[in-house]
Amino acid sequence: MTAHQASPVPDSPVLALTGAAVEYRRHGQRVRALDGVDLTVARGEIVGLVGESGCGKSTLARAAVGLVPLAAGTVTFEGQPVAPLGMRRRAGRLRGLQLVFQDPYESLNPRRTVGDLIGDGVLLGGGGKAAARSRALGLLDRVGLPRSAADGYPHEFSGGQRQRIAIARTLAAGPSCLIADEPISALDASAQAQIANLLTALVREEGIGLLLVSHDLSVVRQVADRVAVMYLGRVVETGGTGGVWSGPAHPYTEALVAAIPRADGGGVLPADLPGDVPDPASPPPGCRFHPRCPIARDDCAVTEQRLIPLPAIPQPGTSLAGHAAACHVRVPRASSPPGTGDAAPASSRPAPGADLLCGWSTRTSSTCLRGRCCPPGPSRFPPTARSPRSPPPPRPACRPVT
Amino acid sequence: MTALLEVENLTVALPTRAGYRNAVDDLSLTVHAGEVVGIAGESGSGKTMTALSLFGLLPHGARVTGSARLDGTDLLALRGRRLRDVRGRQVAMVSQDPTAALHPILTIGTLLTEHMRHHLGISKSEALDRAAELLDTVRIPDPARALHSYPGQFSGGMRQRIAIAVALACEPRLLVADEPTTALDVTVQAGILQLLDRLCRERDMAVIVITHDLGVMSALARRVYVMYAGRLAEAGPTSRLLSRPRHPYTRGLLDALPHPEAGGAALVPIGGTPPSLGAVPGGCPFHPRCAHAVASCATARPEAVQASGEPGPHLLACPPDPLRVLA
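Computed from a prediction, not measured in an experiment: that's the story for all the values here.

S.K.: In this structure, what is going on with the overall build of chain B? I would like to understand it.
M.R.: Helices and strands together make up the secondary structure of chain B, namely 12 helices and 12 strands. Whereas a compact globule of 327 residues would reach a radius of gyration of roughly 20 Å, chain B reaches 20 Å, a difference of no more than 12%. With the C-alpha coordinates of chain B rotated into their principal frame, the extents come out at 65 × 45 × 40 Å. Intrachain contacts of chain B at a sequence separation of at least 6 include 62% that bridge at least 24 residues.

S.K.: What is the right way to read the interface of chain A and chain B from this model?
M.R.: Where interface size is quoted, it is often the accessible area lost as the parts come together. Contact with chain A, which involves 39 residues of that partner, is made by 41 residues of chain B. Of all the secondary-structure elements, those providing two or more residues to the side of chain A that touches chain B are helix 6 (189-206), helix 7 (217-223), helix 9 (251-258) and strand 11 (268-269) of chain A. Among the elements that take part in the side of chain A that touches chain B, helix 6 of chain A stands out by supplying 7 residues, more than any other.

S.K.: Help me understand the environment of Ala163 of chain B, please; the structure alone is not making it clear to me.
M.R.: Residues and elements named next belong to chain B. Following the sequence through the fold, Ala163 ends up in helix 7 (residues 156-168). A tally of 25 C-beta atoms within 10 Å means that Ala163 is categorised as buried. Linking Ala163 and Asp97, residues 66 residues apart in sequence, is a C-alpha distance of 9.4 Å. Once residues lying within four places of it in the same chain are set aside, the contact partners of Ala163 are Val94, Pro98, Ala101 and Leu102.

S.K.: Teacher, can you tell me more about the sheet that holds strand 13 (residues 324-325) of chain A here?
M.R.: The pairing of strands in a sheet happens through backbone hydrogen bonds and is either parallel or antiparallel. Residues and elements named next belong to chain A. If you trace the 8 strands from one edge of the open sheet to the other, you get 6-7-8-3-9-10-13-12, paired in mixed fashion. Sheet topology places strand 6 (97-100) and strand 12 (308-309) at the edges, where each strand pairs with a single neighbour. Pairing geometry for strand 7 (residues 177-181) and strand 8 (residues 209-213), over 5 bridges, is parallel. Among the inter-strand pairings, Ala180 is bridged to a residue of strand 8, identified as Leu212. Most of the contacts of helix 9 go to strand 9 (residues 226-231), to which it runs at about 105°, and overall it touches strand 3 (46-50), strand 9 and strand 10 (234-240).

S.K.: Looking at this structure, how should I read the domain arrangement of chain B?
M.R.: Residues and elements named next belong to chain B. Per the domain assignment, the segments making up chain B are domain 1 (3-90 + 172-326) and domain 2 (101-171). Computed over C-alpha atoms, the centres of domain 1 and domain 2 are 30 Å apart. Listed as interface residues are 13 residues of domain 1 and, on the opposing side, 12 residues of domain 2. Looking at which element gives the most residues to the side of domain 1 that touches domain 2, the answer is helix 8 (residues 186-203), with 6 residues.

S.K.: Even after reading the chapter, I still don't get the environment of Val209 of chain B, so can you show me in this structure?
M.R.: All names here are of chain B. The topology assignment puts Val209 in strand 8 (residues 206-210). Looking at Val209, the number of C-beta atoms within 10 Å reads 27, which means it is buried. Taking the C-alpha atoms as reference points, Val209 and Leu70, 139 residues apart in sequence, are found 17 Å from one another. In this structure, Val209 is in contact with Val36, Gly38, Ala177, Pro180, Leu220 and Ala221, ignoring residues within four places of it in sequence.

S.K.: I would appreciate a short explanation of the environment of Lys57 of chain A in the present structure.
M.R.: Among the structural elements, Lys57 of chain A can be located in helix 2 (residues 57-64). Residues in contact with Lys57 of chain A, not counting those within four places in the same chain, are Leu49, Gly51, Val213 and Met230 of chain A.

S.K.: Mind showing me how you'd approach the confidence of the model for chain A here?
M.R.: Low pLDDT means the predicted atomic positions in that stretch should not be read closely. On average, chain A scores 77 in pLDDT, and the residues at 70 or more come to 77%. Low pLDDT (under 50) marks residues 1-10 of chain A, which in the prediction has 9 contacts with non-local residues, meaning those over four places away or in another chain.

S.K.: Honestly, unusual backbone geometry in this entry has me stumped. Any pointers?
M.R.: In most cases, non-glycine residues show a negative phi, while peptide bonds are predominantly trans. Phi angles above zero are rare outside glycine, and Leu232 of chain A is one such case at about 50°. Along the chain, Leu232 of chain A turns up in the loop between strand 9 and strand 10. Judged by local crowding, Leu232 of chain A falls into the buried class, with 23 C-beta atoms found within 10 Å. One non-glycine residue, Glu171 of chain B, adopts positive backbone phi at about 50°. Along the chain, Glu171 of chain B falls in the loop between helix 7 and strand 7 (174-178). With 15 C-beta atoms packed within 10 Å, Glu171 of chain B lands in the partly exposed category.

S.K.: When you look at the sheet that holds strand 7 of chain B in this model, what are you seeing that I'm missing?
M.R.: All names here are of chain B. Taken in spatial order, the 8 strands make up an open sheet running 6-7-8-3-9-10-12-11, and their pairing is mixed. Whereas interior strands pair on both sides, the edge strands pair on one side only; in this sheet they are strand 6 (91-94) and strand 11 (305-306). Relative to strand 12 (residues 315-316), strand 10 (residues 231-237) runs antiparallel, the two sharing 2 bridges. What sits directly across from Glu234, in strand 12, is Leu316. Across the face of the sheet, helix 7 comes into contact with strand 6 and strand 7 while running at roughly 170° to strand 6.

S.K.: Can you help me understand the packing of helix 3 (residues 114-124) of chain A against helix 5 (residues 159-171) of chain A in this one?
M.R.: Between two packed helices, the angle of one axis relative to the other and the distance separating the axes together describe the packing. Residues and elements named next belong to chain A. The N-to-C vectors of helix 3 and helix 5 enclose an angle of 30°; their axes lie 6 Å apart at closest approach. Judged by the inter-axis angle, helix 3 sits roughly parallel to helix 5. Mapping the contact onto sequence places Val114, Leu117, Ile118, Asp120 and Gly121 in helix 3 and Ile165, Ala168 and Arg169 in helix 5. Residue composition of the contact of helix 3 with helix 5, by class: 5 nonpolar, 1 polar and 2 charged.

S.K.: Just checking my understanding: could you explain the packing of helix 5 of chain A against helix 6 of chain A for this structure?
M.R.: Residue and element names in this part refer to chain A. The contact between helix 5 and helix 6 brings their axes to 9 Å, and the two run at 20°. With respect to each other, helix 5 and helix 6 are oriented roughly parallel. Two packed elements cross with a definite hand, and for helix 5 against helix 6 that hand is right-handed. In this structure, helix 5 uses Gly159, Gly160, Gln163, Arg164 and Ile167 to contact helix 6, whose residues at the interface are Ala191, Gln194, Ile195 and Leu198.

S.K.: Honestly, helix 4 (residues 129-142) of chain A in this entry has me stumped. Any pointers?
M.R.: Residues spaced three or four apart along an α-helix point in a common direction, a consequence of the helix completing one turn every 3.6 residues. All names here are of chain A. With 14 residues, helix 4 extends 20 Å from end C-alpha to end C-alpha; this agrees with the ideal 20 Å at 1.5 Å per step. Within the sequence span of helix 4, burial applies to Ala132, Arg135, Ala136, Leu139 and Leu140. One side of helix 4 carries all its buried residues, which in axial view fall inside an arc of 140°. For helix 4, the exposed residues set more than 90 degrees away from the buried face come down to Ala130 and Asp141. Elements that come into contact with the buried residues of helix 4 comprise helix 3 and helix 5. Positive phi shows up at Gly144, right after helix 4, with a value of about 80°.

What counts, and where the lines are drawn
Every chain is numbered on its own, with residues counted from 1 as its sequence reads. Chain A is the first chain written and ligand 1 is the first ligand written, with later ones labelled in order. Local features in this predicted model are restricted to residues whose pLDDT is 70 or higher, and side-chain atom pairs enter the listing and the counts only when it is 80 or higher, whereas totals over whole chains, interfaces and linings include all residues. Only DSSP runs of H or I with at least four residues qualify as helices, and only runs of E with at least two residues qualify as strands; both kinds are numbered from the N terminus onward. For the radius of gyration, the atom set is restricted to C-alpha positions; the globular benchmark scales as 2.2 Å times the number of residues to the power 0.38. Throughout, a pair of residues is in contact if the C-beta atoms placed from their backbones lie within 7 Å. Counting other C-beta atoms within 10 Å of a residue's C-beta gives its exposure: the residue is buried at 20 or more, exposed at 12 or fewer, and partly exposed in between, where C-beta atoms are placed from the backbone. At least two bridges found by DSSP between two strands are what make those strands a pair. To obtain an axis, a line is fitted to C-alpha atoms, over the contacting stretch when the element is a helix, and the angle between two such axes runs from 0 to 180 degrees between their N-to-C directions. An automatic or database domain assignment supplies the start and end points of every domain. pLDDT runs from 0 to 100 and stands for how confident the predictor is about each residue. If an angle is under 35 degrees, it is roughly parallel; if it is over 145, roughly antiparallel; if it lies from 65 to 115, roughly perpendicular; otherwise it is oblique. Residues are grouped as follows: Ala, Val, Leu, Ile, Met, Phe, Trp, Tyr, Cys and Pro are nonpolar; Asp, Glu, Lys and Arg are charged; every other residue, Gly included, is polar. Handedness of a crossing follows from how the near helix is turned relative to the far one, being left-handed for an anticlockwise turn of less than a right angle and right-handed for a clockwise one. By definition here, a helix of n residues has an expected span of 1.5 Å times n minus one. Each direction from the helix axis to a C-beta atom contributes to the arc, which is the arc of those directions.

This is how it looks when you write it as structure tokens:
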């Protein structure tokens, strides 16, 4: 489509965040909203970013396009650093990096026609008015709106249609990477599916990288190739969507999955995760999830958790490649060098030679027989049955991990 | 089981530029004591107008016909003092946006005790004691301190729990929850759903839950009414309705939402958009978006009648009934 897409470097991410940290100031106090996040997005790939509100998802999206300055770490787009927005004109090469905002009611100027709004990307790229007009009409076709919409104003359209206009507006710049901050949360049920399908089609057909930020794990699961789960400014689990969904390693991811109500008419209440996300101004020491964690040990309050890769155990239908979680209870850091911030007492560490540990019973592989030692439910997040018509809770998978 | 609330032929007409248009059209529903009933549908389907009509809170100029009997008292006919005696006491409401529902410059203690003192005629200290108990019920940590705090000091999930506590303060017999969890995270939503379910069973309170999220519906409601463009499309027990929907619109809603059990299958959106109030199509209002529409759908306005082949009460407003063969 543009010069940006003519020079793809194979297997190199189009967007990469390395150790990205963002700090805000509140009452003279520094609040670290984002704390050392590593994330990559490749061309033609959809990466989902999920977490509760207040976990730093939107901050990450804004930092990735340079709307907020970084306190530490780097953000690179096509190998070049993304400079934070300042008084100077934004570098032309950054036009390939675009952000879709959450609220299509506020992100479109109500006084300009849809054609003008979409044509901006072409005009800023040095194109003429005629080129902008024809590109706008082409993009309206692309996002499934009639060409006559170009002469309308944003208020004439429904939420779903407005979000299509906002997406067309970002496409006018010929992006190689889109960042969508909750693009479908503000929409109606049927419009949600339409926009999710449109974004997927764009990524697959035009080779755009997409970072999809959403609090809704079930939406992300439908469209994303990879998922990163955030909690309080940090990524706690990352991996292929299928692997993370079917075998969440971090207890927080597990709780997120268990909290989704199922529309099967079974009358099963979703499992509750007690407590609220703590104030990022004073995050809990050690593992940031430990005050709400059902499997927390004493040393969780001391030991800083970093992402540790899960061993690749082939399971039918799922890929565990790149699956990593920041939980030393589930993923003991057997492979990490001794003494690196690991303040766990010796007794709670895996015994020497215990290469496999059952994720559910915390027994070692020598005592865990897959399918036998793990109790057949209820799991640690039991769905609350209310009536006899509830199906029995699903049996937790026995998942050996190191 | 006797019916607590009986809504019959409720019609709400709102003034538009083109004259009065029906936002709710000939809706009848029944709620029994201790029962959770759901109303589902997209925005503009008349769910919220149905709820507001029970509280006399409709926009200025709205015309209401029909009846809504709560234990024999017609809520739609109440005015002035008699309406105030029922509202907040017998029926209470939890709205979608907890930030807008709680007055920002009043303390939680004031918000929780004002209507309690008015309705129940109890002293201030008694009301404060009850308020602290209520906050404990909805799991707000440190209730004594929370009573002296302001809504802005709480997170969204906690504010919604406080809004529920305000609604529950006078032990209403009917609670109307309008999209109670739409603005919340899934983990917080799970907590609110468990809370509503528990309160409903412990206090024998009836709940009408209004949402477009059929997952929430499945978890909470025993019976569901599906509305489209102000009219009833389908009504039946949740388990039947969600596992074997008979109306194409219910089927469409189920297919359009991502579900944990759907696997990696692509989402199937419902084509088109819901009609605006001034432009509801003739015949079946859903026919322009319906994949199963036949010629008669564009002319004859379907009435909700008992669906054939269903074991229990199950209303369906779709005469061609295309999903019956598939079901």
